[in-house]
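A closer look at the structure
Next come the chains, spelled out residue by residue.
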Amino acid sequence: VKMHSRSRVRKNLEAKRKGRHTGIGKRRGTKEARLPSKVIWMRRQRVLRRLLRKYRQQKKIDKHLYHFFYRHAKGNMYKNKRVLVEAIHKLKAEQVKAKT
């Protein structure tokens with residue numbers, strides 16, 4: 001009876017989780033094949049749209065602002081959630097200033 005231990009495999013997987021053995025020489029697929037830019041785009045869109053829906057539902061932005069930011073998000077204006085939140089605050093501050 002021969003041994004067929006997976007202990008070595010487990011040890012290597014543990015190291016991989018820590019980020020070892022993932023250098024350029026270990027990569028077989030292209031950057032796009034490993035994590036498609038479309039997947040990154042979809043994730044980002046979903047995050048931004050979720051935030052916009054939440055803000056609209058909480059009455060932080062009205063439907064016109066929602067539509068404005070939704071379109072800008074689709075047009076690649078905001079690289080992440082933080083940038084979008086800053087843009088919303090900035091525009092709201094400008095609107096308040098314009099009213100007074």
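Worth saying up front: this structure is predicted, and the values here are computed from it rather than measured.

Scoring rules and cut-offs
Residues numbered from 1 in each chain as written. Predicted model: local features only at pLDDT ≥ 70, side-chain atom pairs only at ≥ 80, totals over all residues. Heavy atoms only, no water. pLDDT = per-residue confidence, 0-100. Helix = DSSP H or I, 4+ residues; strand = E, 2+ residues; numbered from the N terminus. Patch = residues over 30% accessible without salt bridge, like charges linked within 9 Å, V, L, I, M, F, W, Y side chains within 5 Å. Areas by Shrake-Rupley, 256 points an atom, 1.4 Å probe, with all protein chains shown as cover. Salt bridge = Lys/Arg side-chain N within 4 Å of Asp/Glu carboxyl O. Lys, Arg positive; Asp, Glu negative; His and termini not counted. Charge placed at Lys NZ, Arg CZ, Asp CG, Glu CD. Buried < 20%, exposed > 50% of the residue type's maximum accessible area, 1.4 Å probe, protein only. Core = buried A, V, L, I, M, F, W, Y, C linked by side-chain atoms within 4.5 Å. Phe/Tyr/Trp six-rings, centres within 6.5 Å; stacked < 30°, edge-to-face > 60°. Lys NZ or Arg CZ within 6 Å of the ring centre and 35° of its normal. Expected span 1.5 Å × (residues − 1). Arc of directions from axis to C-beta.

As for the confidence of the model for the protein chain
Summary statistics for the protein chain give a mean pLDDT of 97 and a share of 100% for residues scoring 70 or more. When pLDDT is averaged over each helix and strand of the protein chain, the minimum, 96, is found for helix α5 (residues 81-99) and the maximum, 98, for helix α3 (residues 37-57).

Some remarks on a positive patch on the surface
A surface patch of positive charge is lined by R46, R50, R53, K54, R56, K60, K81 and K92. Elements supplying a minimum of two residues to the positive patch: α3 and α5. The dominant element in the positive patch, judged by the number of residues it contributes, is α3, at five residues. Relative to the helices and strands, R46 is located in helix α3. Overall, the relative accessible area of 52% leaves R46 in the exposed class.

As for unusual backbone geometry
Phi at H21 is positive, roughly 55°, even though this residue is not glycine. Mapping H21 onto the fold places it in the loop between α1 (7-17) and α2 (31-34). Accessibility expressed as a relative area gives 42% for H21, which makes it partly exposed. In this structure, K59 is a non-glycine residue whose phi angle is positive, near 65°. Within the secondary structure layout, K59 lies in the loop between α3 and α4 (63-74).

Quick notes on the nonpolar core
L52, Y55, I61, F69, Y78, L84 and I88 are the most contacted members of the largest nonpolar core, which has 13 residues in total. Those elements that provide at least two residues to this core are α3, α4 and α5.

What about the packing of aromatic side chains?
For the coordinates displayed, the defined rule picks out three aromatic pairs. With a centroid separation of 6.1 Å and an interplanar angle of 50°, the aromatic rings of F69 and Y78 are classed as tilted. With respect to class, F69 is no different from Y78; both count as buried. A network of ring pairs unites the aromatic residues F68, F69 and Y78 as a single cluster. Here R56 stacks its cationic end above the ring of Y66, 3.9 Å away from the centre of that ring.

Things to note about α4
With 12 residues, α4 should cover 16 Å at 1.5 Å per step; its first-to-last C-alpha distance of 16 Å lies within 8% of that length. Buried residues of α4: L65, Y66, F69 and A73, and no others. Angular distribution of buried residues about the axis of α4 spans 100°; they occupy a single face of the element. Exposed residues on α4 whose side chains face more than 90 degrees from its buried face are K63 and H64. Just past α4, the residue N76 takes up positive phi, approximately 70°.

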